[in-house]
Amino acid sequence: MPEDQVNHPRHYATQGKIECIDVLEQLSSNGEDFRILNAVKYLWRWRHKGGIESLKKAIWYIQRVIDQVEAQKSG
């Protein structure tokens with residue numbers, strides 16, 4: 001099976017079942033801001049680095065914010 005470069009790239013090694021993104025979201029004062037800024041980074045450079053893969057990564061970060069906000073509203 002090919003590696004999933006968007007959701008779980010190999011170079012984002014996990015420690016057990018925890019990825020770096022999980023730790024950063026917990027440590028940041030506002031995880032939403034961290035994820036939105038990363039999405040902007042990928043959108044900014046998509047034509048020059050990564051192409052469609054960078055656009056998918058931006059969507060991935062934005063979707064995490066959407067999921068969190070929706071969970072907070074329903075919880």
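The coordinates are above.
This section reports on the structure supplied with the text. (Residues numbered from 1 in each chain as written. Predicted model: local features only at pLDDT ≥ 70, side-chain atom pairs only at ≥ 80, totals over all residues. Heavy atoms only, no water.)

1. What to know about the pattern of salt bridges
Moving on, step 1. Per the counting criterion, the structure on display carries one salt bridge.
Moving on, step 2. With a shortest N-O distance of 3.6 Å, K57 and E53 are connected by a salt bridge. You can see K57 and its partner E53 sitting in helix 3 (residues 52–74), four residues apart, about one turn around the helix.
Moving on, step 3. A residue is classified by how much of its surface remains accessible, and E53, at 30% relative accessible area, is partly exposed. (Salt bridge = Lys/Arg side-chain N within 4 Å of Asp/Glu carboxyl O. Helix = DSSP H or I, 4+ residues; strand = E, 2+ residues; numbered from the N terminus. Buried < 20%, exposed > 50% of the residue type's maximum accessible area, 1.4 Å probe, protein only.)

2. Here's the deal with a nonpolar patch on the surface
Moving on, step 1. Together, I36, V40, L43, W44, I62 and I66 give the surface a local cluster of nonpolar side chains, amounting to about 560 Å² of exposed area.
Moving on, step 2. Secondary structure elements with two or more residues in the nonpolar patch: helix 2 (31–45) and helix 3.
Moving on, step 3. When residues in the nonpolar patch are grouped by element, the largest group, four residues, is from helix 2.
Moving on, step 4. Assignment of secondary structure puts L43 in helix 2. (Patch = residues over 30% accessible without salt bridge, like charges linked within 9 Å, V, L, I, M, F, W, Y side chains within 5 Å. Areas by Shrake-Rupley, 256 points an atom, 1.4 Å probe, with all protein chains shown as cover.)

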